[in-house]
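If you want the building blocks of each chain, they are given just below.
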Amino acid sequence: TPLEVMRVGVYEATDIELALGHGPSIDFYVPDGVNSLSGGRLAVVKEDAADDNNASAMTFYTTANAGTASEKMRITSAGNVGIGVDDPAQLLEVAGGTDAIIQIDADSDGAGTADAGIYLAEAGTVKWLIYNNGGQSDALYVHDADADGMYMVQDGNPSAWVDTSDLNLKTD
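Quick notes on the rules
Residues numbered from 1 in each chain as written. Predicted model: local features only at pLDDT ≥ 70, side-chain atom pairs only at ≥ 80, totals over all residues. Heavy atoms only, no water. Salt bridge = Lys/Arg side-chain N within 4 Å of Asp/Glu carboxyl O. Buried < 20%, exposed > 50% of the residue type's maximum accessible area, 1.4 Å probe, protein only. Helix = DSSP H or I, 4+ residues; strand = E, 2+ residues; numbered from the N terminus. Patch = residues over 30% accessible without salt bridge, like charges linked within 9 Å, V, L, I, M, F, W, Y side chains within 5 Å. Areas by Shrake-Rupley, 256 points an atom, 1.4 Å probe, with all protein chains shown as cover.

Let us now look at the pattern of salt bridges. What the rule picks out here adds up to two salt bridges. A salt bridge links Glu71 to Arg74; its shortest N-O distance comes to 2.8 Å. Assessed through its relative accessible area of 14%, Arg74 is described here as buried.

Although it is not a glycine, Ala123 adopts a positive phi angle of roughly 55 degrees. Inspection of the secondary structure assignment puts Ala123 in the loop between strand S7 (116–122) and strand S8 (125–133). Given the relative accessible area of 84%, Ala123 is considered exposed.

Let us look at a nonpolar patch on the surface. Where nonpolar side chains cluster on the molecular surface, the patch consists of Ile83, Leu92, Val94, Ile102, Ile104, Ile118, Leu120, Trp128, Ile130 and Leu140 and spans about 860 Å² of accessible area. The set of elements that each furnish at least two residues to the nonpolar patch consists of strand S6 (92–94), S7 and S8. Mapped onto the fold, Ile118 is located in strand S7.

What follows is the structure, encoded as structure tokens:
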């Protein structure tokens, strides 16, 4: 449990209601040699217009050169995280203007043998795996938890493997 060492708030007086999307913020300013310009903002904003509902999102803003601060990331009261999305419906939702690329770098030391990927689980049990096998010629694996599935290899040796032991193909 965090220990309160500083409190930032908008304290309400009688008959003052905080509107939807409004709330307290911490603003950061960056000097440009003459003035201090807005560099970013961390804010907590109301997610519901009702005065008796304090559901709030935490929002993160950054500023481009000579621009105004704009929201880049949000964590909702439900715990959903949006990057480039101001109302994420999933645990993690990412959107980009033209590209939305997520990089997972499991080999930051440069050894060339680490695996990077995503495990899809249900109730704590891994069901599907999508990963790069760095120790085996950079093969891309897509398979279920029992290793049934397929993989593809790059590095000039294109090949693919599909386990046909339980393969049910359907065509329309």
